[in-house]
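# Structural overview for review
The residues making up each chain are set out below.
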Amino acid sequence: MSSQREIRLNAFDMNCVGHQSPGLWAHPRDRSREYKDLAYWTDLARLLERGKFDGLFIADVLGVYDVLNGSNEAAIRHAAQVPVNDPLALITPMALVTEHLGFGLTASLSFEHPYPFARRLSTLDHLTKGRVGWNIVTSYLESGARNIGQAQTDHDARYDYADEYLQVVYKLLEGSWEEGAVVRDRERRIFSEPHKIHPINHQGTFFQVPGIHLCEPSPQRTPVLYQAGASSRGKQFAAEHAECVFVASPSKVLLKKTVADIRRRAAEAGRDPRSVLIFNLQTVIVGETDKAAQEKWREYKSYVSYEGALALISGWTGIDFGQYQPEQVLKHLHTNAIQSAVETFSTADPHKQWTVQALADWVGIGGFGPLLVGSAATVADELQSWVEETDVDGFNLAYAVTHETFTDVVELLIPELQKRGVYKQDYQPGTLRDKLFGKGPRLSEPHPGAGYRWQKQPAETEKNRLVM
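By convention here, each chain's residues receive numbers from 1 onward along its written sequence. Under the rules for a predicted model, residues below a pLDDT of 70 receive no local features and side-chain atom pairs below 80 are neither given nor counted, while totals for whole chains, interfaces and linings still include all residues. In computing side-chain properties, one takes all heavy atoms of the structure into account and sets aside hydrogens as well as water.

## Topic: the pattern of salt bridges
Our working definition: The rule for a salt bridge is simple: a side-chain nitrogen of Lys or Arg has to be within 4 Å of a carboxyl oxygen of Asp or Glu. Only DSSP runs of H or I reaching four residues or more are called helices, and only runs of E reaching two or more are called strands; each is numbered from the N terminus. Exposure is judged per residue with a 1.4 Å probe applied to protein chains only, and the accessible area is read against the type maximum: over 50% gives exposed, under 20% gives buried, and values in between give partly exposed.
Here the structure, examined in full by the defined rule, presents 35 salt bridges. Residue Asp-393 pairs with Arg-274 through a salt bridge whose shortest N-O separation is 4.0 Å. One end of the pair, Asp-393, is in the loop between helix 13 (376-390) and strand 13 (394-398); the other, Arg-274, is in the loop between helix 8 (252-268) and strand 11 (277-287), with 119 residues separating them in the sequence. Note on Arg-274: relative accessible area 40%, which makes it partly exposed. Each of the salt bridges in this network shares a partner with another, and the network as a whole consists of Arg-5, Arg-263, Arg-274, Asp-391 and Asp-393.

## Considerations on the packing of aromatic side chains
Our working rule: Each Phe, Tyr or Trp ring, with Trp reduced to its six-membered ring, pairs with another whose centre is within 6.5 Å; inter-plane angles below 30 degrees give stacked pairs, above 60 give edge-to-face pairs, and intermediate values give tilted ones. Any Lys NZ or Arg CZ found within 6 Å of a ring centre and within 35 degrees of that ring's normal is scored as a charge over the ring.
As enumerated under the stated definition, the model contains 19 aromatic pairs in all. Grouped by ring-pair contacts, the aromatic residues Phe-117, Trp-134, Tyr-161, Tyr-165, Phe-206 and Phe-207 constitute a single cluster. The ring of Tyr-423 has Lys-424 lying over it, and the distance from NZ or CZ to the ring centre is 4.8 Å.

## Looking at the side chain of Ser-122
Operational definition: The criterion used for residue contact is that any of the two residues' heavy atoms lie within 4.5 Å.
Considering the arrangement of structural elements, one finds Ser-122 in helix 4 (residues 114-127). Setting aside residues no more than four positions away along its own chain, Ser-122 makes contact with Leu-173, His-213, Cys-215 and Ser-218.

## Structural notes on the nonpolar core
Filter applied, for reference: In these notes, a set of buried Ala, Val, Leu, Ile, Met, Phe, Trp, Tyr and Cys residues joined through side-chain atoms within 4.5 Å is what counts as a nonpolar core.
Counting 82 residues, the largest nonpolar core has Phe-53, Leu-56, Trp-134, Phe-395 and Leu-413 as its most contacted members. For this core, the element with the highest residue contribution is helix 6 (residues 155-175), accounting for nine residues. In this structure, Leu-56 is in contact with Ala-11, Asp-13, Trp-41, Leu-44, Leu-48, Met-94, Leu-101, Gly-102, Phe-103 and Gly-104, ignoring residues within four places of it in sequence. Phe-321, Leu-330, Trp-354 and Ala-360 belong to the second largest nonpolar core, which has 39 residues in total.

## A word on the pairing of strand 11
Formally: At least two bridges found by DSSP between two strands is the condition for calling them paired. If the strands point away from the viewer and the path from the first strand over the helix to the second runs clockwise, then the crossover is right-handed.
Across the 11 residues of strand 11, 11 count as buried, placing the element largely inside the fold. Where burial is concerned, the two faces of strand 11 agree: the one with Leu-277, Phe-279, Leu-281, Thr-283, Ile-285 and Gly-287 and the one with Ile-278, Asn-280, Gln-282, Val-284 and Val-286 are both buried. One ladder, built from four bridges, connects strand 10 (residues 244-247) with strand 11; its direction is parallel. Bridge pairing links Cys-244 to Leu-277 in strand 11. The parallel pair strand 10 and strand 11, bridged by helix 8, forms a crossover whose chirality is right-handed. Where strand 11 lies against strand 13, five bridges are found, and the strand directions are parallel. Bridge pairing in strand 13 links Asn-280 to Phe-395. As paired strands, strand 11 and strand 12 (residues 371-375) are joined by five bridges and run parallel to one another. In the strand pairing of strand 12, Thr-283 is matched with Leu-371.

## Focus on unusual backbone geometry
For the bond from Val-82 to Pro-83, the omega torsion is 5°, close enough to zero to count as cis. Checked against the element boundaries, Pro-83 lands in the loop between helix 2 (73-77) and helix 3 (88-96). Of note, the bond from Thr-402 into His-403 is cis; its omega dihedral lies within 30 degrees of zero at 5°. Structurally, His-403 is set in the loop between strand 13 and helix 14 (404-419). A positive phi angle, near 60°, is found at Arg-189, a position not held by glycine. Mapped onto the elements of the fold, Arg-189 is located in the loop between strand 5 (182-185) and strand 6 (190-192).

## Overview of helix 9 (residues 290-301)
As a reminder of what qualifies: Under the convention used throughout, the expected extent of a helix is 1.5 Å for every residue step, that is, one less than its residue count. What the arc covers is the set of directions going from the helix axis to the C-beta atoms.
In this model, helix 9 (12 residues) spans 16 Å end to end at C-alpha, consistent with the 16 Å of a helix rising 1.5 Å per residue. Of all the residues in helix 9, the buried ones are Ala-293, Lys-296 and Tyr-300. Down the axis of helix 9, the smallest arc covering the buried residues is 60°, so these residues share one side. Buried residues in helix 9 make contact with strand 11, strand 12 and helix 14.

## Some points on the pairing of strand 10
Here strand 10 shows a buried face lined by Cys-244 and Phe-246 and a second buried face lined by Val-245 and Val-247. Summarising the sheet, strand 9 (residues 224-227) and strand 10 pair through two bridges and their orientation is parallel. In the sheet register, Gln-227 faces strand 10, and the bridge partner there is Val-245.

Written as structure tokens, this is what we have:
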């Protein structure tokens, strides 16, 4: 292959049973039903570090998929992302058993005030020695909003809220404590210098936060920023704020357009378009040979839950697919949302007649992302071709059966990629940001977060500096 760019890999998981492959929890070798046990997560962390994964990207959702047949029963019956535990508590024990693996925490800014949340981020960054990232999401499930007494707001309005949320977080993490504020001076009995710690005096549309950040600066101050918005407004938010962007394009044609759009928007926002790493959702089933991989895929496929897949699809799109028969051809269904879905998947396989059953089959292993099946050489060829043809930087790998999928990647696929010179032989030193970008542990100009860092200027008062 002509591409010699390093391929980045994250593992994609969630603190639940059925993440992206509904029904496969029942496979005899699947461990996802152990999600409540620390050993499940520490074993996974050690495995991923052995494979030199950049990180474990932990998804989350606060709410239940209850669009299918107007009920949550299908999601509950097939464990389609319910039950689901909080992801934050997983990170510290996994960090304790690893040295380099990064952790991408999905946390919605819709349901927690930025003042206590900033403290959670700083705490995790301290405890992991700077190996934390934050996947910034604005929650989309109506069920989640209802259960905290809110009405789901308009899509674009949620991003206006997110813009101000980020301002508050940047002010707390970057601007409240100066470098050198913490002195730990035993002789003078002074731990921190009060005149170097500043109230942020934020008075905005959604938040009023007058005080100081509660934590001393952590190794990265602001964790590595991930974003996963697919809409035009979401991509604009990502272009302005995200250092890593997670997308889920089922075809090279669509992914190429998405990557180019994000890089263009980043450039228009005054950032280096190459400073944004873009990861596509991908699932791989790897075997010793192509035949062995195909046999494994057929075995996995026999466990897929059709109803569980429909629960996920209905929740993701807001369309109740329970009203249609499995053989119903999607192009004959006249709603804007379904037409968009058909166009998306038609580019992945234009010769296929997309029925409700076919869509469920696609989603049944790995969600909306593409599925690659084959030997290590076959899958490596495909991953390289995706990088070469779309300009994507890497992949968030979902599992079919856990930890088996990731074990096959570590033991079969990664040695093949290393042999080709397109995958790292070892980790870079330093924080997660150091490892990903090699330019130090902190946000750097022209990222907007860096602009909130304390810089005492004679013509500028403290209040004016931090209100911005």
